[in-house]
Structures are given as C-alpha cells and as structure tokens.
Amino acid sequence: MDRLSRRCRACSNYGRYINLSHPKGYVRIWCPGHQVAHRDGYALEHRYVLYEAGVDIEGLHVHHENDDRTDNSLENLRVVTPGEHRRIHSLSTKGDADG
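Heads up: these notes are all about the structure in this document.

**Brief notes about the overall build of the protein**
Phase 1: Of the regular secondary structure elements, the protein holds two helices and five strands.
Phase 2: Written out in order from the N terminus, the α and β elements of the protein read β-β-β-α-β-β-α.
Phase 3: Here the protein holds 99 residues, and 31% of them are scored as buried.
Phase 4: If you sum the accessible surface of the protein, you get close to 6,400 Å²; carbon and sulfur atoms cover 49% of it.

This is the structure in structure tokens:
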C-alpha cells in the first residue's frame, strides 16, 4: 500500500491530497484537524510521519539526513533542537564551500 493511501486515526482525509508547493520544497499533506496540521488544513509530511510514529516533536525541528526534503521515510528523519539544526546546516554549508 502506498504511504499516501493510508489513513490516520485523527483525520479520514489524510492522503487524498498532496501539495508540493511549499516554498522550501517540503511535502504538505491535506489533513485538516490533525494535531500537526496548520490552520489551512495542511501538515508538513515529515512532522506528520514522526507524530504518527509516536515521536514527540513539540518545539523541535526535523532534519532530513540525506537533505532530500521529499524523502520522509522514518530512516531519513532526525529530531533535533533548533540550535542543533542550525549547526548541522552551517557545517554542511562550510563543507560545500571547501569543496
């Protein structure tokens, strides 16, 4: 079964609509009323995946290990503090500049 055809316990509409228009390239899913959904009814898929896996993400960031913002497999997601997330990306930027 495709990951977008599953339905969550909280909202029966999950997976019916997918929106790739997030300005930073994240996958947004239509899930109005879900705990991680925004006011417009969409949730960032990476936050949804972790929430449904039972991971506490309140006040934390989610880092994509392979830097592919559309790869929302559990193996690719790491929960980090905002400061740690800034550090990870500042190190990767410095590494890119060095070759």
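**Some remarks on the pattern of salt bridges**
Phase 1: For the structure shown, the criterion picks out three salt bridges.
Phase 2: Arg-28 is the salt-bridge partner of Asp-40, the closest N and O atoms lying 3.0 Å from each other. Of this pair, Asp-40 sits in the loop between β2 (28-30) and β3 (42-44) while Arg-28 sits in strand β2; the two residues are twelve residues apart in sequence, bridging distant segments of the chain.
Phase 3: Taking the relative accessible area as the measure of exposure, Asp-40 reaches 40% and is therefore partly exposed.
Phase 4: Accessibility expressed as a relative area gives 15% for Arg-28, which makes it buried.
Phase 5: Close ionic contact of Glu-65 with Arg-78 constitutes a salt bridge, the shortest N to O distance being 3.2 Å. With Glu-65 in the loop between β4 (61-64) and β5 (77-80) and Arg-78 in strand β5, the pair connects residues that are 13 residues apart, well separated along the chain.
Phase 6: Taken together, the shared-partner salt bridges connect Glu-65, Arg-78 and Glu-84 into one network.

Parameters and conventions
- Residues numbered from 1 in each chain as written.
- Predicted model: local features only at pLDDT ≥ 70, side-chain atom pairs only at ≥ 80, totals over all residues.
- Heavy atoms only, no water.
- Helix = DSSP H or I, 4+ residues; strand = E, 2+ residues; numbered from the N terminus.
- Buried < 20%, exposed > 50% of the residue type's maximum accessible area, 1.4 Å probe, protein only.
- Areas by Shrake-Rupley, 256 points an atom, 1.4 Å probe, with all protein chains shown as cover.
- Salt bridge = Lys/Arg side-chain N within 4 Å of Asp/Glu carboxyl O.

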